[in-house]
Amino acid sequence: MPWTTIAAVWGTIGIYGFVNQSWRKHTKHDKMLIFSILGASLLLSICLGINPKLPGLTEWINALFSPFKNWLTP
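Residues numbered from 1 in each chain as written. Predicted model: local features only at pLDDT ≥ 70, side-chain atom pairs only at ≥ 80, totals over all residues. Heavy atoms only, no water.

1. Things to note about the overall build of the protein
Convention followed: Secondary structure is summarised from DSSP: a helix means a run of H or I of at least four residues, a strand means a run of E of at least two, and numbering begins at the N terminus for each. Computation of the radius of gyration draws on C-alpha atoms alone. For the globule rule, the value is 2.2 Å times the number of residues to the power 0.38. A 1.4 Å probe rolled over the protein chains alone gives each residue an accessible area, and that area as a share of the maximum for its type sets the label: buried under 20%, exposed over 50%, partly exposed in between. For every accessible area listed, the method is Shrake-Rupley and the probe measures 1.4 Å; residues are considered covered only by the protein chains on display.
What the protein contains, in helices and strands, is four helices and zero strands. Along the protein, from the amino end to the carboxyl end, the secondary structure elements read α-α-α-α. In terms of overall dimensions, the protein is more spread out than a globule: its C-alpha atoms have a radius of gyration of 16 Å, far above the 11 Å expected for 74 residues. Viewed in the frame of its principal axes, the protein has a C-alpha envelope of about 45 × 35 × 15 Å. Put simply, the protein has 74 residues, and 4% of those count as buried. Looking at the protein as shown, the accessible area adds up to about 6,500 Å², and 73% of this sits on carbon and sulfur atoms.

In structure tokens:
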């Protein structure tokens, strides 16, 4: 993914967050959760911009929950 695409997406998210300020009515705990998810996604997008051959989000989640495979199956 080119850096211009990453910058355009994050710029659009930033402008939308500035224009639509509905996130301000949430509690402090909710705001911390929202911004931590945004921070993690920013970090992931930067890492994918540096090395596009990194595994995607699905592979990370599968690797994270693979030790609990026996507990999660019905």
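Having seen it, we continue.
2. Here's the deal with the environment of Lys31
Here is the rule we go by: Only heavy atoms enter the contact rule, under which two residues are in contact if any of them lie within 4.5 Å.
Along the chain, the position of Lys31 falls in helix 2 (residues 28-50). Beyond its immediate sequence surroundings of up to four residues, Lys31 is in contact with Trp23, Arg24 and His26.

3. A closer look at a nonpolar patch on the surface
Selection rule: Patch membership needs two things, relative accessible area over 30% and no salt bridge, and members are linked within 9 Å if like-charged or within 5 Å if nonpolar (Val, Leu, Ile, Met, Phe, Trp, Tyr). Salt bridges are identified by distance alone: a Lys or Arg side-chain nitrogen within 4 Å of an Asp or Glu carboxyl oxygen.
A cluster of nonpolar side chains, Leu57, Trp60, Ile61, Leu64, Phe65, Phe68 and Trp71, forms an exposed patch at the surface whose accessible area comes to about 810 Å². Among the elements that line the nonpolar patch, the one with the most residues is helix 3 (residues 57-65), at five residues. Mapping Leu57 onto the fold places it in helix 3.

4. Side note on the packing of helix 1 (residues 3-19) against helix 2
Two packed helices can be described by the angle between their axes and the distance between those axes. Selection rule: Axis definition: a line fitted to C-alpha atoms, limited for helices to the stretch in contact. Angles are taken between N-to-C directions and run from 0 to 180 degrees. Working definition: roughly parallel below 35 degrees, roughly antiparallel above 145 degrees, roughly perpendicular at 65 to 115 degrees, and oblique for all remaining angles. It is the rotation of the near helix from the far one that decides the hand of a crossing: anticlockwise by less than a right angle makes it left-handed, clockwise makes it right-handed. When residues are sorted by character, Ala, Val, Leu, Ile, Met, Phe, Trp, Tyr, Cys and Pro go into the nonpolar class, Asp, Glu, Lys and Arg into the charged class, and all the rest, Gly among them, into the polar class.
Following both chains from N to C, one finds helix 1 and helix 2 inclined at 165°, their axes separated by 10 Å at the closest point. Taken together, the axes of helix 1 and helix 2 are roughly antiparallel relative to one another. Once helix 1 is placed against helix 2, the crossing between them reads as left-handed. Contacts between helix 1 and helix 2 involve Trp3, Ile6, Trp10 and Ile13 from the former and Leu38, Ser41, Leu42, Ser45, Ile46, Gly49 and Ile50 from the latter. Its residues placed into classes, the contact of helix 1 with helix 2 shows eight nonpolar, three polar and no charged.

5. Brief notes about the layout of surface pockets
Where empty space is left can be seen by rolling a probe of water-molecule size over the atoms. Counted only if it meets this: Space inside and on the surface of the protein is sampled on a 1 Å grid over the protein atoms alone, with a cavity defined as a set of points where a 1.4 Å probe fits but cannot get out and a pocket as an open set with protein on both sides within 12 Å along at least 5 of 7 lines; lining residues have an atom within 4 Å of a point. Grid points are joined across faces, edges and corners, and a volume is the space filled by probe spheres set on the points.
By volume, the largest pocket amounts to about 240 Å³. Together, Trp10, Ile13, Gly14, Tyr16, Gly17, Phe18, Asn20, Ser22, Trp23, Ile34, Phe35 and Leu38 line the largest pocket. Among the secondary structure elements, those contributing two or more residues to the lining of the largest pocket are helix 1 and helix 2. When grouped by side-chain class, the residues that make up the lining of the largest pocket number eight nonpolar, four polar and no charged.

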